[in-house]
Each structure stands twice: as C-alpha cells, then as structure tokens.
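Single-letter residue listing:
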Amino acid sequence: MAQTQEQQEQEFAKELQEANLSVYQDAEKAVEISAFVYKNAKNTSTKITALVTLVNAYTALNQSGEALKYATETFELAKTSENIQYKIWALGLLGEQYQVSHLNGISREYLDSAEVLIQNSNLSEEGMAVSRGNIFAIKGNGYKDEIDCEYAIKNYDLAIDSYKSIPKYSAARNNLALVFLEKGNCLLELNALNAAEKNFRLTLDIAQKNGLEEYMQRAELGLAMIKSREGDFTNSKDDAEALLATIDTKLHPKLKNELYLLLRDNYLVLGAMEKYNFYNQKYEKSAREITDLEKHQFQQVLQFVEQKPTPATNNIGIENILLYSLLLLSTAIAFWELFQWARKR
C-alpha cells in the first residue's frame, strides 16, 4: 500500500531527526540521510530542513565547499518559497558559512540582510528570538576573528538575551549552549577565569541534558585550561588525557590540537620531559595538519565563489576575496614559521 504524502512527510521528519542527532557523531550518515530526504521530499519545509542538516554535516566533515554549495541551495529555495522565515534562516546560514571561512565581510552582508528582513517581519516570538540570537552569535564569532573578544562578547550577550527569552524552545537551548561556550573561550582569552568557568559550566549543564557531545567536550577542555592557568597542572593534564581518550581525533582535529598543546605545556611545568617531548611532537604534527586542512578549505570556498558568484560576493569583488584569502593564508604560514623559529631558539 502506497504511503500518503502526509505519512511520507512524517517518515522524513523522523529520518531528519536521526540525521540531526548524527551530525557530530557520524556526519557521513547525516549526509546520506539528509541528501536522500532532500531529493525525495515534496514539501518545501522538509527540503529546507534537509538542506540545513546537509550544511551542518558537511561543516562537521570539514568540507567547506559542499557546505557552502548547499547553503546557497537553501537560499535559492527559500527565495522561491516567499516564506520570510525561510529566507532569514538561509541568509543566516550563508552568513555562518562565510564566517567559518573567515570571509567576514561577505558574512556580514548576508547577516545585515537577514536583520533587515527580521525588522520588517511579523515572525512569532520564537522565530524572532532564534533568528536574532543566531545573527548576533555569528557576528560575535566574526568580530572575535577581526577585532577583539571584548567586542565579540557584546554580541554574544545579545544572542544570550535573545535565546533566554524563549527558555522552553529546544533549538534556542542548544544554540544557547554554543554561545556560552564561545563567550567562555573569549573570557579565557581575556584571562577572566571565574567568568570563563561560569560560562563553560553553563554550557555543560545544557549540553549534558540535551546530549550535545561536542559542546560537552569543548567545555571540558575549557575547564582543564582554566585549571592550568590557575596552577593546578596535575589535575589539568589528568582531565585533558581523559578527554583525549574519549574524542574522535579524526572528526575533531582542532580539539585534538588544543589538547596536545595543553598536555605539552602541563608536562613541561611538571618536569616530565619524556611526556613533554611526546606531546610536543603530536602538537607540531597536528598543527601542520590543521594548516593543510585550512588551506584546502580555502581552496574549496574560493573555487565555489569563482564558479557561482552571489550578490554579496559581487559587491565585494572576486579580486578582493582572493586577495583577502591569500593574506589570511600568508598570515597563517608566517605564524607557523615564527613558532618554529621561537621553538628552536
């Protein structure tokens, strides 16, 4: 007996729920499920939800070109739907993808467009709060890249206020955990250790209740870093080694890299030179891998932008994007060479 469209959409909703839960545990599975739903669904809302999941899964797989491709498809589909909420989501998604690639000028073009739509919309309270929160959070990440953490924290606080206005809305709670995490990292950078710890513990509280494994791991790393800053090197390295044993290092290369660095520095202070040398080698190899990964991600994004320019990229200009990206790559290489020079002194 053939399924009705309503039954099929209900089945797709279950599959997308499974895909969303798989994004940070088995991103390839999430890609497979959401791509199938996107291809076969008839309902625009279902197709857009599938596309968003595809973007998140490809981001988790560090495939920036594919993530940007599907974020652009989300925007194109949203434009044809005449649904303002879909357009706002899609603009935010594009803004996030360009921010992740450190192309913050393009990112802000999309985020500013999303803000204009929000101001002229009649969204529900939940839709308004989540949309505003997402935009402030992404802008905070961009400002952390380009300006400083104090300016980023102002945007994170605006995001937190937006999400807190709808405490029972699950999407807002998950996003709130991430913003607490990013704010905690900024406070740690500013050496505001008590405030950083508070934000990491707020992240853990939400992440543990909602099964957000990656957020839990990153918050635990932050707490281990605070212990090291406070001079509790033994407990810091114990926590870091316990965390390292639980993570998928292939899926989370940057988290792995930060753990190697923390362990290296702790063992140096503790005078365990064999362990120091072991983790120093791990850290240096991991750092090189991340540099190569980021170069590859830049190439993917630039190739996509050259092949399919958008109004935002046209406003900035392909030449400027290329110049900016080359500058970022040159800066990364220069920092790596400076690190190597300092290490050998």
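Let us look at the structure shown here.

Definitions and cut-offs
Residues numbered from 1 in each chain as written. Predicted model: local features only at pLDDT ≥ 70, side-chain atom pairs only at ≥ 80, totals over all residues. Heavy atoms only, no water. Axes fitted to C-alpha atoms, helices over the stretch in contact; angles between N-to-C directions. Helix = DSSP H or I, 4+ residues; strand = E, 2+ residues; numbered from the N terminus. Parallel < 35°, antiparallel > 145°, perpendicular 65-115°, else oblique. Left-handed = near helix turned anticlockwise from the far one by under 90°. Contact = heavy atoms within 4.5 Å. Nonpolar A, V, L, I, M, F, W, Y, C, P; charged D, E, K, R; others polar. Disulfide = S-S within 2.5 Å. Phe/Tyr/Trp six-rings, centres within 6.5 Å; stacked < 30°, edge-to-face > 60°. Buried < 20%, exposed > 50% of the residue type's maximum accessible area, 1.4 Å probe, protein only. Lys NZ or Arg CZ within 6 Å of the ring centre and 35° of its normal. Polar contact = N/O pair within 3.5 Å; in protein donor to acceptor, adjacent residues only side chain to side chain.

**Observations concerning the packing of helix 2 (residues 27–40) against helix 3 (residues 44–60)**
Look at helix 2 against helix 3: their axes get within 8 Å of each other, and the N-to-C directions meet at 155°. Here helix 3 runs roughly antiparallel to helix 2, going by the angle between their axes. The handedness of the crossing between helix 2 and helix 3 is left-handed. Counted together, A27, A30, V31, S34, A35, V37, Y38 and K39 of helix 2 and T46, K47, A50, L51, T53, L54, A57, Y58 and A60 of helix 3 form the full contact between these two elements. Per-class residue counts for the contact of helix 2 with helix 3 are 12 nonpolar, 3 polar and 2 charged.

**Topic: the state of the cysteines**
Counted under the stated rule, the structure contains 1 disulfide. Across a sulfur-sulfur distance of 2.2 Å, C149 and C186 are joined as a disulfide pair. Taking the sign of the S-S torsion, -80° for the link of C149 and C186, the bridge is left-handed. Of this pair, C149 sits in helix 8 (residues 149–164) while C186 sits in helix 9 (residues 170–189), placing them 37 residues apart in sequence.

**A look at the packing of aromatic side chains**
Inspection of the entire model under this criterion finds 9 aromatic pairs. A ring pair is formed by F12 and F36, whose centres lie 6.4 Å apart and whose planes are at 70°; its orientation type is edge-to-face. In this pair, F12 is assigned in helix 1 (residues 5–22) and F36 in helix 2, connecting sequence segments 24 residues apart. Owing to a relative accessible area of 45%, F36 belongs among the partly exposed residues under this scheme. With a centroid separation of 5.9 Å and an interplanar angle of 0°, the aromatic rings of Y267 and Y279 are classed as stacked. Here Y279 lies in helix 14 (residues 273–307) and Y267 lies in helix 13 (residues 253–270), a separation of 12 residues in the sequence. As far as burial versus exposure is concerned, Y267 and Y279 are alike and both buried. Among the aromatic side chains, those forming a connected cluster through ring pairs are Y260, Y267, F278 and Y279. Over the ring of Y38 we find K47; its NZ or CZ atom is 4.5 Å from the centre of that ring.

**A few points about the side chain of K139**
Assignment of secondary structure puts K139 in helix 7 (residues 125–146). K139 gets classed as buried once you look at its relative accessible area, which sits at 10%. For K139, the side chain forms a polar contact with the side chain of D112, separated by 2.9 Å. In this view, K139 contacts L111, D112, E115 and N155; residues no more than four positions away in its chain are not counted.

**A short note on the packing of helix 3 against helix 5 (residues 84–100)**
Across the interface, helix 3 lies against helix 5 with an axial gap of 12 Å and an inter-helix angle of 10°. Between helix 3 and helix 5, the interaxial angle falls into the category roughly parallel. Between helix 3 and helix 5, the residues in contact are T44, S45, I48, V52, V55 and T59 and Y86, W89, L93 and Q97, respectively. Taken together, the residues of the contact of helix 3 with helix 5 sort by class into 6 nonpolar, 4 polar and no charged.

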